[in-house]
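So you can see what is in the structure, the chains are spelled out below.
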Amino acid sequence: MFDPDIAPSGTLLGLLQRGRGDGTLHALAAPRAEALAALNHCVLRDPRRDWQVENRSLYYARLYLDLDGGLDEIERHLFHPDDLFDTAEERTGLALAVLGHLASYGRDDALALLRRYAATGGNWAWALDELALRDDDAGLLALGLPVLARFPHTPEGEAALATAVRDAFEPRPWRLWAEDRRAPETAARVRAAQEQGSFDRWQRQLRPSGPRPGWSVREVLDWAQEGLLLHPAQHRHVPATRCLTAVAGPEDRGEIIEAAAFGADAARATALRYLAEHHDPQALDLIETAAADPARLVADAAVTAFERMRSTAALDRARVWVHRTDALGAAAAGMLACRGAAYDSSLVLGALRRTVRAEGCDAPVLWDLVDGAGRLSIGCAAPVLRHVYRETSSSHLRGRAARALAATDPAFATGFAVECLWDCEESTRELAARHATTADARVVDQLRRLAADPAEEAEVQTAVRSRFEPETPTV
């Protein structure tokens, strides 16, 4: 994750960076050159806070189609000299994904760019995955030689090739190359790499490095602590908690409580999680103390352990801690939002308002608070939910705000639901397809477009059909 530079939400660039439906609508109404400049800026400088989970590629590809946009800027970006040195996936991943969608829409120039980049580019594996879904067999077979030429005929090169084959997201190209009779040398290398990958997995299974049956509580805690001494350090307290569950008995409770209160960092984190998961009577007091510990590992483990608790005692303590201004207070607010009763609405609403004022519209705890406002149907939360919807740079949080508004804002169907039909997240488009008023002509046109678009998700198209198809009469 990284922190991108996001333009104000009222600008065309800011709307497109956020993936809002209004971004598409404003771009189509703006001068074409201005809209394309903003679009290219987004594609070449990935605006997502979490590029691995947030969707933008289909959203931007559709806008390229609507604007009849060329791909010269993307081409210059992909084949810039920086590509030789900056091999991070986030530099080119979004552009390659956009090209993949454009290729599926029949843009031959996008397909040609993907083929060229797969043969010569730094992030070739991503381009190859895009082609695996969209290119024909002949196009993929032609890439066999240039791709395998990246791996020298040395032990190191063959090991790297085996890793690439094993880790490929889409195996289709490798299978084609392994069966290509016109290139027997290439086929032999790929088959050997496939066999090596299977052998490596088998060897790892034969040599487990974790705890063994028969370990004691002390040995498990020591194993967790030893991970911090490695380079790079391994945070083992989560798997160590599972191991502790397997080996600990009632007679070990005193030792585990002592480790949670006074142990070394990783051992303490392990013991805290164990006690929380087993609803130990002392767990909450130990968590409260550990949450203020200067060691980040211990403090984070304490908060996480509390968040995972499902007991009535944890809920009661959350009502006490919700007014705290630290991470434990945020966790308490999130717990009340997710599991609190109707009489906790005022506490959830207060935490929602306080968080937006103090931390802005991208605070992590807002995900739970926004969900809680919708779950508890807190009608007076609608103004702050609308603010979060407009301002957050997270398309996932915006989608959650939209769902909460659907439950709290009577004007949602004629307001934000309309623009959500063009949103970058399919779950948000699905929500809009179920709620947006069909009195707006734009809504009917967009619903029909989504229903006919082969790239649209099945859940969205099901929601669209539910608006057009008459209900089946009951017998």
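Please refer to the structure placed before this passage.
The following refers to the structure shown. Here the structure is a predicted model, which is why all the values come from computation and not from measurement.

Here is what the cut-offs are and how they apply
Residues numbered from 1 in each chain as written. Predicted model: local features only at pLDDT ≥ 70, side-chain atom pairs only at ≥ 80, totals over all residues. Heavy atoms only, no water. Helix = DSSP H or I, 4+ residues; strand = E, 2+ residues; numbered from the N terminus. Buried < 20%, exposed > 50% of the residue type's maximum accessible area, 1.4 Å probe, protein only. Contact = heavy atoms within 4.5 Å. Lys, Arg positive; Asp, Glu negative; His and termini not counted. Charge placed at Lys NZ, Arg CZ, Asp CG, Glu CD. Phe/Tyr/Trp six-rings, centres within 6.5 Å; stacked < 30°, edge-to-face > 60°. Lys NZ or Arg CZ within 6 Å of the ring centre and 35° of its normal. Patch = residues over 30% accessible without salt bridge, like charges linked within 9 Å, V, L, I, M, F, W, Y side chains within 5 Å. Areas by Shrake-Rupley, 256 points an atom, 1.4 Å probe, with all protein chains shown as cover. Salt bridge = Lys/Arg side-chain N within 4 Å of Asp/Glu carboxyl O. Arc of directions from axis to C-beta. 1 Å grid on protein atoms, 1.4 Å probe; cavity = no way out; pocket = protein on both sides within 12 Å on 5 of 7 lines; lining within 4 Å. Points joined across faces, edges and corners; volume = space filled by probe spheres on them. Core = buried A, V, L, I, M, F, W, Y, C linked by side-chain atoms within 4.5 Å. Polar contact = N/O pair within 3.5 Å; in protein donor to acceptor, adjacent residues only side chain to side chain. Axes fitted to C-alpha atoms, helices over the stretch in contact; angles between N-to-C directions. Parallel < 35°, antiparallel > 145°, perpendicular 65-115°, else oblique. Left-handed = near helix turned anticlockwise from the far one by under 90°. Nonpolar A, V, L, I, M, F, W, Y, C, P; charged D, E, K, R; others polar.

**Thoughts on the overall build of the protein**
Scanning the protein for helices and strands turns up 29 helices and 0 strands. Along the first, second and third principal axes, the C-alpha set of the protein runs to 70 × 65 × 55 Å. Expressed as a percentage of its 475 residues, the buried residues of the protein come to 49%. Within the protein, residue pairs in contact and separated by at least 24 positions form 65% of the contacts whose partners lie at least 6 positions apart. In the protein, the 55 positive side-chain charges and the 70 negative ones have mean positions that sit 2 Å from each other.

**Section: the packing of aromatic side chains**
Taken as a whole and assessed by the stated rule, the structure comprises 8 aromatic pairs. Clustering of aromatic rings is evident, with ring pairs tying together W124, F151, W174 and W177. Looking at R116, its charged tip hangs above the ring of F79, at a distance of 3.8 Å from the centre.

**Some details on a negative patch on the surface**
A cluster of acidic side chains, namely D82, D86, E89 and E90, defines a negative patch on the protein surface. Along the chain, the position of E89 falls in helix α6 (residues 89-104). Judged by its relative accessible area of 40%, E89 is partly exposed.

**Some remarks on helix α15 (residues 237-247)**
Looking only at α15, the buried set comprises H237, A240, T241 and L244. What you see down the axis of α15 is that its buried residues fit within an arc of 110°, all on one side. The exposed set on the far side of α15, more than 90 degrees from its buried face, consists of R242 and A246. As for α15, its buried residues are in contact with α14 (217-226), α16 (253-262), α17 (265-277) and α19 (296-307).

**Description of empty space enclosed by the protein**
According to the stated counting rule, one finds 1 cavity of 30 Å³ or more in the structure shown. Counted as a void, the largest cavity has a volume near 100 Å³. Lining the largest cavity, in full, are T24, Y59, R62, L63, D66, L421, W422, D423, R429, Q446 and R449. Looking at the lining of the largest cavity, the elements that each hand over two or more residues are α4 (57-67) and α28 (441-452). Here the lining of the largest cavity gets 4 residues from one element, more than from any other, and that element is α4.

**Focus: the nonpolar core**
With 89 residues, the main nonpolar core has I287, F306, L352, L369 and L421 as its most contacted residues. Per-element tally for this core: the top contributor is α17, with 8 residues. Non-local contacts of L421, meaning those with residues more than four positions away in its chain, are made with R429, A432, A433, A436, V443, Q446, L447 and L450. Of all hydrophobic cores here, the second largest spans 56 residues; its members include C42, V98, L113 and L131.

**Quick word on the pattern of salt bridges**
Within this structure, the stated rule accounts for 38 salt bridges. Across the salt bridge formed by R172 and D137, the nearest N and O atoms sit 2.6 Å from each other. Placement of R172 in helix α12 (residues 172-178) and of D137 in helix α9 (residues 137-141) is noted, with a sequence separation of 35 residues between them. On the basis of relative accessible area, R172 is assigned to the partly exposed category, the value being 26%. Judged by its relative accessible area of 38%, D137 falls in the partly exposed class. Overlapping salt bridges, with partners in common, bring together D285, E288, R317, R324 and D326 in one network.

**Remarks on helix α27 (residues 426-435)**
The complete set of buried residues in α27 reads T428, R429, L431, A432 and A433. Turning to α27, the residues buried within the fold contact α4, α25 (395-408), α26 (416-420), α28 and α29 (458-468).

**Focus on unusual backbone geometry**
Cis geometry marks the peptide bond from H231 to P232; its omega dihedral reads 0°. Looking at the element boundaries, P232 is found in the loop between α14 and α15. Located in the positive-phi region is D68, a residue other than glycine, with phi close to 50°. With respect to the helices, strands and loops of the structure, D68 is situated in the loop between α4 and α5 (72-78).

**Section: the side chain of Q17**
The topology assignment puts Q17 in helix α1 (residues 12-18). Among the polar contacts made by the side chain of Q17, one reaches the main-chain carbonyl oxygen of D5 at a distance of 3.2 Å. With near-sequence residues (within four places) excluded, Q17 lies in contact with D5, I6, A7, H41, C42, P47, R56 and Y60.

**Some thoughts on the packing of helix α24 (residues 382-391) against α25**
Between α24 and α25, whose axes approach to 9 Å, the crossing angle comes to 155°. Between α24 and α25, the crossing angle belongs to the class labelled roughly antiparallel. The chirality of how α24 crosses α25 is left-handed. Taken together, the residues of α25 that come into contact with α24 (itself represented by A382, L385, R386, V388 and Y389) are L397, R398, A401, A402, A404, L405 and T408. Among the residues forming the contact of α24 with α25, the class breakdown is 9 nonpolar, 1 polar and 2 charged.

**A word on the environment of H323**
Relative to the helices and strands, H323 resides in the loop between α20 (312-321) and α21 (327-339). Note on H323: relative accessible area 54%, which makes it exposed. Sequence separation of H323 and A333 is 10 residues, and the distance between their C-alpha atoms is 8.3 Å. When near neighbours in sequence (up to four residues on either side) are disregarded, H323 contacts L347 and R354.

**Observations regarding the packing of α15 against α17**
The contact between α15 and α17 brings their axes to 9 Å, and the two run at 55°. By the angle between their directions, the pair α15 and α17 is classed as oblique. By crossing handedness, the relation of α15 to α17 is classed as right-handed. Residues H237, V238, A240, T241, L244 and T245 of α15 form the contact with α17, whose participating residues are A266, A269, T270, R273, Y274 and E277. Of the residues contributing to the contact of α15 with α17, the split by class is 6 nonpolar, 4 polar and 2 charged.

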